[in-house]
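Listed here are the chains, written in short residue letters.
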Amino acid sequence: MSRILKVLILSLFVATSSMAGSDGQNELSKNTNGEIKDCFETVNRGIFAFNQAIDGIVFKPLAKGYLHLPSPIRTGTSNFVGNLSTLLTIPNNVLQGDLGIAGKNTLRFIVNSTVGIIGIFDPASAIGLNSYEKEDFGQTLGSWGVGEGCYVVLPVLGPSTARDALGSLGNYMGGDAWYNVTVKNDTRYFSDFDYYASKGVGGVDFRAKNFDDINNLEENSIDFYASVKSLYLQDRRKRILNATGATQTQDDSDWEEIE
Amino acid sequence: MLVKKATKLLSVTILSFFFIFNAFSIEPKEFVQQTVDKAAKALDQNLSKDLKISKLKVIALKSVDIRGIGFYSLGKYRKNISDQKKEEYLDIFTKYFLKTFSSRLAQYSDPKIIVNSQKKLNDKYTMVSSTLIATDDKPEVKIDWRVVTKDLDNPLIIDLIIEGVSLAKVQKEEFYSIIQSNDGDINALFKNLKEFVEKD
């Protein structure tokens, strides 16, 4: 169901977004003053409200309960879903030309999936194979100079852009090995449930890690939708630039006129 | 003889002024570390939430360029409003800022922040980099501080960039969204800010 919905929404973006007119890397080089278009703001705000309701009914209570679990269980769960996401990061490392990091991530995955018992533990870090930034197909498209296009909010999945949503199609077209062995191909060892359960657990883990921050942001925002949009877009730009310092992402001209 | 004495006195006076003024001059890195230490003290677990909030407000008034953040957050709209409206805005913005600032920080207890380095961006601003040390529940967080260093004797924080996300920019876009969705009417923002400040 979510797959069909995604394809439908994506068709809409591709048909209407302004990706072709993007100035690519220049747009990504700094936090631009020109905001990206919120082409479907009314619809986006509706979906955002729907997502908030889902969050209140499902994710928030689950995350609250999850936070009561002993710390080692939470760490193990977080390691497990993080290890699975490496399968998506590796092909994107390759597509972005980071072959060295792709090699290290592959080694990390092998070590943590075997010695680390299906990724529950992280022995790779102990032997110097530290984790790297997660990558996805949206980031890869961004690093190739594809502009963000319109800002969109996806049901359940949350904030995205036309480019990022289009990029996530790569997951379903053979780019995500975990999706391939669970949903796409009929293997004896895994089922669809394993894929969707891992995504659900990943969502709860994320919500729990950011529990207070999200609640606090919501309480202290006069337009929560706009705050989340700004946070998401700034974070994506930073990830695409693989920026390590604030001076790489901040646009100083923004501040020049302040006296 | 009198001229010599007067010259000596003048030199001593000038030197004293020089030392006094320089004694107040502070490196942005040290300024941020001092501010962080003061905030950590204010967030002492033994204090009540109300006391924490009032202490944080005092720190913010001394170390944050609230006026600068306020005008930055208005974006292009600051150019088209009267002086009277600006004053009205600054008054309500200061109240709004102090409420959100103290409320956001009050959730932390005894945060450990280490200031790492500083980089002068231009004559007006210096970026100070720091790290919020990881705890059992939360990972390490990189925090950069944009400090107004136009007047070195009185540096002021104007933005916090948390893991690459500028909080001032988030606020600017939030304000922009409200004004835009009300056909460019800045009074809609004022109304929202007032309602926020007045709610419990």
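Above this text sits the structure in question.
Everything numeric in this text was worked out from a predicted model, so none of it was measured.

Draft legend 1. Quick look at the overall build of chain A. For chain A, the helix and strand inventory stands at 14 helices and two strands. Looking at chain A as a whole, 45% of its 259 residues are labelled buried. A separation of at least 24 residues holds for 69% of the contacts in chain A among residues at least 6 apart in sequence.

Draft legend 2. Structural view of the pairing of strand β1 (residues 113–120) of chain B. Residue and element names in this part refer to chain B. In this sheet, strand β2 (residues 125–132) lies alongside β1 in antiparallel orientation, the contact comprising seven bridges. In the strand pairing of β2, S117 is matched with S129. Linking β1 to β2, which pair antiparallel, is a turn of four residues.

Draft legend 3. A look at helix α5 (residues 83–105) of chain B. With 23 residues, α5(B) should cover 33 Å at 1.5 Å per step; its first-to-last C-alpha distance of 32 Å lies within 8% of that length. Three or more residues of α5(B) are buried, namely Y89(B), L90(B), I92(B), F93(B), Y96(B), F97(B), L98(B), T100(B) and S102(B).

Draft legend 4. Representation of the state of the cysteines within the structure. All names here are of chain A. Evaluated as defined, the whole model comprises one disulfide over all chains. With its sulfur 1.8 Å from that of its partner, C39 forms a disulfide with C150. Between C39 and C150, the disulfide has an S-S torsion of -75° and is therefore left-handed. Residue C39 is found in the loop between α2 (25–28) and α3 (41–66), and its partner C150 is found in the loop between α7 (137–143) and β1 (151–154); the two are separated by 111 residues along the sequence. The exposure class of C39 is partly exposed, given its relative accessible area of 36%.

Draft legend 5. The arrangement of the interface of chain B and chain A in detail. Between chain B and chain A, the residue contacts involve 46 residues of the former and 37 residues of the latter. Interface of chain B and chain A: buried area, both sides summed, is about 3,600 Å²; carbon and sulfur atoms make up 46% of it. Considering only the side of chain B, the residues that lose the most area to chain A are Y72(B), K169(B) and E174(B), jointly responsible for 15% of the buried surface there. In this structure, the connection of chain B to chain A is made through one salt bridge. At the junction of chain B with chain A, the criterion picks out ten residue pairs in polar contact (both at pLDDT 80 or more). The element that contributes the greatest number of residues to the side of chain B that touches chain A is helix α6 (residues 167–180) of chain B, accounting for nine residues. Its residues assigned to classes, the side of chain B that touches chain A comprises 17 nonpolar, nine polar and 20 charged.

Procedures and definitions
- Residues numbered from 1 in each chain as written.
- Chains lettered and ligands numbered in written order.
- Predicted model: local features only at pLDDT ≥ 70, side-chain atom pairs only at ≥ 80, totals over all residues.
- Heavy atoms only, no water.
- Helix = DSSP H or I, 4+ residues; strand = E, 2+ residues; numbered from the N terminus.
- Buried < 20%, exposed > 50% of the residue type's maximum accessible area, 1.4 Å probe, protein only.
- Contact = heavy atoms within 4.5 Å.
- Pairing = 2+ DSSP bridges.
- Expected span 1.5 Å × (residues − 1).
- Disulfide = S-S within 2.5 Å.
- Buried area = accessible area lost by both parts, 1.4 Å probe.
- Salt bridge = Lys/Arg side-chain N within 4 Å of Asp/Glu carboxyl O.
- Polar contact = N/O pair within 3.5 Å; in protein donor to acceptor, adjacent residues only side chain to side chain.
- Nonpolar A, V, L, I, M, F, W, Y, C, P; charged D, E, K, R; others polar.

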